[in-house]
Structures are given as C-alpha cells and as structure tokens.
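Listed below are the residues making up each chain.
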Amino acid sequence: MLYKRSSELFAQAKKVLPGGVNSPVRAFNAVGGDPIFIKEAKGAYLYDADGRRYIDYIASWGPLILGHAYPPVIEAVVERAHKGTSFGIPTEVEIRIAELAVKMVPHIDKIRFVNSGTEACMSAIRLARGYTGREKIIKFVGCYHGHADAFLIEAGSGGATFGSPNSPGVTQGTAKDTLLANYNDLTSVKTLFEANPEQIAAVIIEPVAGNMGCVPPAEGFLEGLRKLCTENGALLIFDEVMTGFRLAKGGAQEVFGIAADIVTFGKVIGGGLPVGAFAARAEVMDHLAPDGPVYQAGTLSGNPLAMSAGLAMLTALNEHPEVFDSLAKKTAYLHKGFDKVLNEAGIPHQINSFGSMLTPFFTDTPVMDFATSAKSDTERFKRYFHGMLAGGVYLPPSGFESYFLNDALTYDDLDQTIDALRKCKL
C-alpha cells in the first residue's frame, strides 16, 4: 500500500481533529481517499510519511515562491528563535519589514500586520466601512477572502440580489450587507451600485482569482472596477493574499497599473509562516486604532519569528526581481506541455495561467467566472489527481484551486510532471 503510514495517521487524526484535518481542503473530500501526511520538504519537493517524494505545485498555497526550506528564511527563523519567539511588545524587525513592503508595493504608505489572510481581509472591510461610513460591500461569486462571516455568502437569484448565508452560523443580518457580483462582469457591479446608492463601502476582489481555479481578469475589467468605485465613493480592495509579492514585487497593482485603495496580503509576507497584513495610503490607515476610531488588534500580530522570515523572503524578492520572469517562463512551459498532452489525447480542456499561477479545467467552455469554472468535469479531475499523485506529483486536491509554481522547480521537474500527465488514465 503506497500510503500506509499516511492512512494510519489520518485514522488517528479523525479521533481528535474535526474531519481529521485543520482546514477542510486538506481532507481529500473532493477527490476521494485519505490525505497524504507530509514529513518534510526541501526545494521543490515534498516527502510524505511513507517516504515517497512528490513534485510540489501547492507551495504551501502560494507563499513559498523560492521553494521549501529556503536557506535565508530558515537561517532568519533560527537566529530569531534563539532570542525569543514572542513578546507581544514592539520589535525593530516590524519596522524594517514594513519599510521594505511599503517600498516594494505601489500606492501604500502604511501597513498593519495580522495573523492570517482571513484576518487581513476582515480587517480591511472594517476599515473601509469605518472610513466611508457605509455598511455594504460587494464581493464576487467564487472569490474567497477567508472565513469571516461577511465573506461566506453565496448569490441568491442573481448577481444583483442580496446574498444568503453559505454556512451555518452566518446570520441573515450579516448576509444582507454583502452583495454578490459576477467576476469579469462589470454590468453586474454597476447594477449593484445603482440599486444601493451611497451605501457601498467597498468592492473586494482577487485581482487574479485563485479560488475558482486560476481565472485572470478580462481586459478592462479591473480598470472598470476602479472607475466605478471612484465614481461611487467606494474603496477598491485588492485581496492579494495569493498574488501579492508573487506576480511581481508590487503584486497585481504593479502588473495591471491600477491603484487599489486597500491591499491585503498573506503568508508570503511571513516567508510561509502564519501571518497576514493589510495596507493603504496614510489617509485611510490613520483611521485605525490607536490613531483613529476603527478598532483592530492582535496579541501576536507582528510576531518576531514571522517578521524575520518575511523580511528574509521579501529581501530576496526585492534584490532578485528576475525570479518573477523565471517563474512566468516555467509556468508557460508547463501550460504548453499540458495543452499538448491533452490535445493529443482528445480530452476537452481549458488551461488558465497568469504569472506563476495555473489551473487546467476539464471543460470545453472558456473559464471566465465561477459559473464556467463549475462546468469542469469533476469525475475526470479525480482520476487526474490520483494519477498524478501516483506519478509523484502533488497538486491541489480540488479542481477549483490554482497551482502555485515555485522557482526551485527545474525544467526536468516540469518534464516529469508533463510525463506523469501523459501516463494518467483520464
């Protein structure tokens, strides 16, 4: 049995952890079977509890741009740990990473560190509401901004209606303030603004969606959002938990040349350790406590371990911007190879990629939003996932998640990945 030890560990985990995991996507519910338990990782490779090696296309869901156990990050964490792991008191390293982040990312003056991407997005919404004095927000069907109540909302009878709770525990009162629009559909956004004049505090969006699979913005879409927000006095929030410091030094704002009002970041900013952040121009950030009336706090925010790891990671990316071009070329190579194999096999598919993000969809319909993403053949994806796993390639265990390439991947790794696809029985 290939995964004997992992299966034993999963049986133990189910006795003490809900579903045997600490985050639902890890449970393999979408693909069947027991999840793989990882023992260690180095560079582009994962090693499971049974001693098998996998080429990794998750990169800890995005942050490990330079690969696992990147030496400068490990060295920074070890050095910091010897001096103490947590104080709940200010440290100099918080200033240094903040200065670097503000230097790298356009249109931000100040940044607040938190402990997760969920917390960053939740806090950004609160800040937008406090700054504008308005209560409603617009989010897009299929975009994920963490598990705060305001984000766990699905569309009702269409993009122009109020949402309804997508999880027990989310109240109707919360749901009524979250409006749903369709990704890549400016008309749906305009309709919401027209139906709710001077009530919408912010529009929050993944500038390149990664939680319905990789779905890039259509030409003019982000520009249109910027214009609508400006015209209606709402803030534009870029959720760059995935794209920040991955698409470019300055993230999606740099790539698309669009100024967001608030930007949220995830674990890249902590070198892969649990951390998040949100940032904006001083005029907006000065509304935060202790300077302003909008309260946000975190006992372990700015944790010195995470800040030291993040400073090492951002320093490497800042000093070696060529890594973004390298990653884009490797992604394009994998895209081309996958496309060739699937075309030769006569399998209907679409492959979306942008920068170092990529997702193949088993559908003949172009994927532009959540509805078209949902047309993908989930049964074929299950065969594909397990075939690739058996071939030594670890992919997201869901057809609706982006792959994240890391620069430790070699072209031999990419060729092995393409060959594993060729051997899959789809």
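Values in this document were obtained by computation on a predicted structure and should not be read as measured data.

Trainee: Which residues make up the UniProt feature "modified residue: N6-(pyridoxal phosphate)lysine" (unreviewed entry) in the protein chain, and what values do they have?
Mentor: UniProt feature "modified residue: N6-(pyridoxal phosphate)lysine" (unreviewed entry): in the numbering of this structure it lies at Lys267. Its place among the elements puts Lys267 in the loop between strand S11 (262-265) and strand S12 (276-280). With relative accessibility at 31%, the residue Lys267 sits in the partly exposed group. Residues within four places of Lys267 in sequence aside, it is in contact with Pro63, Gly117, Gly272, Leu273 and Val275.

Trainee: Any chance you could break down the sheet that holds S12 for me, citing the residues and the numbers?
Mentor: Strands sit in the order S4-S12-S11-S10-S9-S5-S8 across an open sheet of 7 strands; the sheet is mixed. Looking along the sheet, the strands with just one partner apiece sit at the ends: strand S4 (110-114) and strand S8 (178-181). This sheet shows a mean twist of 20° between the axes of neighbouring strands, independent of strand direction. Taken together, the 4 bridges between S11 and S12 define a ladder with antiparallel strand orientation. Counterpart to Phe265 in the pairing with S12 is Ala277.

Trainee: Explain the packing of aromatic side chains to me, using residue names and the numbers behind them.
Mentor: Counted according to the given criterion, the structure contains 12 aromatic pairs. Residues Tyr183 and Phe221 carry aromatic rings whose centres are separated by 5.4 Å and whose planes lie at 55° to one another, so their mutual orientation is tilted. A residue pair is termed long-range when its members are at least 10 positions apart, and Tyr183 in the loop between S8 and helix H6 (186-195) and Phe221 in helix H7 (residues 221-232) qualify at 38 residues. Using a relative accessible area of 2% as the deciding quantity, one classes Phe221 as buried. For the cation-ring pair, Arg53 lies above Tyr45, with the distance from its terminal atom to the ring centre recorded as 3.9 Å.

Trainee: Hey, could you go over the side chain of Glu401 for me, with residue numbers and the actual values?
Mentor: Structurally, Glu401 is set in the loop between strand S15 (393-394) and strand S16 (403-404). Here Glu401 sits buried without a salt bridge, and the closest side chain of opposite charge, Arg26, lies 11 Å off (N-O distance). Look past the residues within four positions of Glu401 in its chain and what remains in contact with it is Val25, Trp61, Gly210, Asn211, Gly213, Met242, Thr359 and Pro396.

What counts and what doesn't
- Residues numbered from 1 in each chain as written.
- Predicted model: local features only at pLDDT ≥ 70, side-chain atom pairs only at ≥ 80, totals over all residues.
- Heavy atoms only, no water.
- UniProt positions renumbered as here; feature names shortened; annotations may be inferred.
- Helix = DSSP H or I, 4+ residues; strand = E, 2+ residues; numbered from the N terminus.
- Buried < 20%, exposed > 50% of the residue type's maximum accessible area, 1.4 Å probe, protein only.
- Contact = heavy atoms within 4.5 Å.
- Pairing = 2+ DSSP bridges.
- Axes fitted to C-alpha atoms, helices over the stretch in contact; angles between N-to-C directions.
- Phe/Tyr/Trp six-rings, centres within 6.5 Å; stacked < 30°, edge-to-face > 60°.
- Lys NZ or Arg CZ within 6 Å of the ring centre and 35° of its normal.
- Lys, Arg positive; Asp, Glu negative; His and termini not counted.
- Salt bridge = Lys/Arg side-chain N within 4 Å of Asp/Glu carboxyl O.

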